[in-house]
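# Structure assessment
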Amino acid sequence: MRFNSLTFLIFFWLSTSAYFALPYRRRWALLLICSALFYAAYIPAYLLVLAVVIVIDYVAGLAIERATGNARKLWLLASVLANIGLLAAFKYFDFASDNLHTLLARLQLNYPVRHIGLLLPIGLSFHTFQSLSYTIEVYRGRQRAERHPGMYALYVMFYPQLVAGPIERPQNLLHQFREDHVFDADRIFAGLRQMLWGFFKKLVIADRLANIVDPIYRDPRAWGRAYLWLATYCFAFQIYCDFSGYSDIALGAARVLGIKLMTNFDRPYAARSVAEFWRRWHISLSTWFRDYVYFPLRGNRVTVPRWCVNVLIVFLISGLWHGASWTFVVWGAIHGMYLIIGRLTGAARARLSAAIHLDRLPVVSAAVKIFLTFNLIAITWVFFRAASLAQASFILAKMARGPLWDAPPFTLANPAPFVADDLLLIATLVVLMELIQWISSRPWNGFFDRQPAWVRWPAYYAVIIAILWFGALGGRTFIYFQF
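These remarks concern the structure in this document. What you see is a predicted model; the values in this text were computed from it and never measured.

## Some remarks on the overall build of the chain
Along its length, the chain carries 18 helices and zero strands. By the compact-globule yardstick of 23 Å for 483 residues, the chain fits well, its C-alpha radius of gyration being 24 Å. Split into buried and exposed, the 483 residues of the chain put 50% on the buried side. Across the chain, the fraction of contacts at a sequence separation of at least 24, relative to all contacts at a separation of at least 6, is 76%. Computing the positive centroid from 46 side-chain charges and the negative centroid from 25, the chain places the two 7 Å apart.

## Considerations on helix α8 (residues 185–218)
With 34 residues, α8 ought to run about 50 Å at 1.5 Å a step, and its terminal C-alpha atoms sit 47 Å apart, in line with that. Its axis deflected by about 30° at N211, α8 carries its strongest bend there, up to four residues before the proline P215. Within α8, 27 of the 34 residues are buried, leaving the element largely enclosed by the surrounding structure. Its side-chain oxygen at 2.9 Å from the backbone nitrogen of D186, D184 defines the N-terminal cap of α8.

## Things to note about the pattern of salt bridges
For the structure on display, the rule yields 13 salt bridges. Put simply, E137 and R142 hold a salt bridge, and the shortest N to O gap is 3.9 Å. Assessed through its relative accessible area of 3%, E137 is described here as buried. Classification of R142 as exposed rests on a relative accessible area of 52%. Counted as one network, the salt bridges with shared partners bring together E65, R144 and R147.

## Side note on the environment of R476
The residue R476 is located in the segment after α18 (453–470) in this model. Note: C-alpha distance between R476 and A210 (266 residues apart in sequence) is 9.3 Å. Ignoring anything within four residues of it in the chain, the contact list for R476 reads N4, K202, D207, A210, N211 and D214.

## Brief notes about the packing of aromatic side chains
Per the stated rule, a full pass over the model turns up 62 aromatic pairs. Arranged with centres 6.3 Å apart and planes meeting at 20°, the rings of Y269 and F277 form a pair that is stacked. For the pair shown, Y269 and F277 are each scored as buried. Centroid distance W331 to W381: 6.0 Å. Interplanar angle 25°. Geometry classified as stacked. Taken together, the residues span a long stretch of sequence, with W331 in helix α13 (residues 326–344) and W381 in helix α15 (residues 362–385) at a distance of 50 residues. Taking NZ or CZ as reference, K202 lies 4.6 Å from the ring centre of F478, over its face. A cation sits over an aromatic face here: R343 above W307, 4.4 Å from the ring centre.

## What about the side chain of S247?
Tracing the chain through its elements places S247 in helix α9 (residues 225–256). Beyond its immediate chain neighbours, meaning those up to four positions away, S247 contacts N264 and F265.

## A closer look at helix α3 (residues 47–66)
With 20 residues, α3 should reach 28 Å at 1.5 Å per residue; the first-to-last C-alpha distance of 29 Å fits that figure. When α3 is considered as a whole, its buried residues turn out to be V49, L50, V53, I54, D57, Y58, A60, G61, L62, A63 and I64. At its buried positions, α3 is contacted by α2 (27–40), α4 (70–106), α5 (124–139) and α6 (149–157).

## What to know about the packing of helix α1 (residues 6–21) against α9
For the pair α1 and α9, interaxial distance at closest approach is 11 Å and the crossing angle is 25°. Overall, the two elements α1 and α9 adopt an arrangement that is roughly parallel. Contact residues: α1 offers F8, F12, T16 and F20, while α9 offers I249, A253 and V256. Of the residues in the contact of α1 with α9, the class split is six nonpolar, one polar and no charged.

## Side note on the side chain of S35
Following the sequence through the fold, S35 ends up in helix α2. Judged by relative accessible area, S35 falls into the buried class, the value being 0%. Separated by 2.7 Å, the side chain of S35 and the backbone oxygen of L31 make a polar contact. Among residues more than four places away in sequence, those in contact with S35 are L154, M157, F158, Y159 and L162.

## Some remarks on the environment of R301
Its place among the elements puts R301 in the loop between α11 (283–294) and α12 (304–322). Residue class for R301 comes out exposed when judged on its relative accessible area of 54%. A sequence separation of 255 residues divides R301 from Y46, and the C-alpha atoms of the two residues are 42 Å apart.

Calculation rules
Residues numbered from 1 in each chain as written. Predicted model: local features only at pLDDT ≥ 70, side-chain atom pairs only at ≥ 80, totals over all residues. Heavy atoms only, no water. Helix = DSSP H or I, 4+ residues; strand = E, 2+ residues; numbered from the N terminus. Rg over C-alpha atoms; globule rule 2.2 N^0.38 Å. Buried < 20%, exposed > 50% of the residue type's maximum accessible area, 1.4 Å probe, protein only. Contact = heavy atoms within 4.5 Å. Lys, Arg positive; Asp, Glu negative; His and termini not counted. Charge placed at Lys NZ, Arg CZ, Asp CG, Glu CD. Expected span 1.5 Å × (residues − 1). Bend = angle between axes of the 7 residues up to and from the residue. Polar contact = N/O pair within 3.5 Å; in protein donor to acceptor, adjacent residues only side chain to side chain. Salt bridge = Lys/Arg side-chain N within 4 Å of Asp/Glu carboxyl O. Phe/Tyr/Trp six-rings, centres within 6.5 Å; stacked < 30°, edge-to-face > 60°. Lys NZ or Arg CZ within 6 Å of the ring centre and 35° of its normal. Axes fitted to C-alpha atoms, helices over the stretch in contact; angles between N-to-C directions. Parallel < 35°, antiparallel > 145°, perpendicular 65-115°, else oblique. Nonpolar A, V, L, I, M, F, W, Y, C, P; charged D, E, K, R; others polar.

Below you can see the structure in the form of structure tokens.
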């Protein structure tokens, strides 16, 4: 079930009430049942796929801990191959098969394998990586193998973060399922407040921005470059509010239950470089690739050419993780090139900054860096949002030199996707969101919490009214559910 649905609100209220009514030693079973019901609300049959992943890694974890020598590596390899194999079968088989068919056709060779069209189990990429982190951490000796099969199943299936993360490590999550989380009104209220903030970002900002982005990207040939730039900037904030909104709801729901999940976003569009952007965006995934791909490749403890290769490997895999399409591969490659160019030109940029005395104006310098970084990131979102490489190339070319104000004729059957008032409202909401997030990052973050109830509660009601009044309540799915 989707977070942005009435069904989820009822499910959350009932499951949370039952959770605190039970003795804490029995709560894990309730959470496991609730998580299974939550996932079964999409496609019940795919619970079997999830069960296969759980059984494989539960057995592998025990075997790795008991084995010695090369046997440990073999069990880890079995876990990795099984997880990646399942992910590849559902997510990448048709992509690889279609590309191989195209290649062999050009060589005038026959390729008899058909497109099988398997439907990707929702969240498979996320819980596959979470399962892999468990067996890897057991292999490295940083986590004891979990003996209780139900507890391990709950680690993989915990419903707040099951579908779109954050991707948790076993050290952070497993032990929390055994702890007694008492009913704490302050903690529960803080969790509900974080959920409310997530709903605001998703329903009021992301889904309203989608009403601008979708029609323009659906038919980019009909729109001038001003509108394409507008849609691209809007998508940058749409995907941020959509995904970080999901993360806020997940973290808030877990917090109500007394379980702490890792922070997944930290004001990414305030980054002053692409490298800093990736320390702030989808933190659970970027740290996963850092720990399990980048560091094993020896990171930056190699020659510069080898480091460049390491970075490209990480970002190409990251792009492919996001989707079985060349658009995602190119998106990842561009980010990798950004990081490589950023490092190789660091000294030259520092000298230029000193030469024009920009380093003497720290506020101006920061603003310039944030502006340039945001635009570099926005350009890559074209590949993320476009339906194909051809469409992405067309959009970028038209953004560079196409007609400025072209737009399709608007009729009752084909109304404008936005009006000036909509743009003003959305811009105001985005600025307000960034201001609130900036205040939350400052040392005086707790100032609002210390205010009396007559100050705080009107603010909460204002957010609820904004969701009901301005929110796009059509139940639009979360963007990252496709991954």
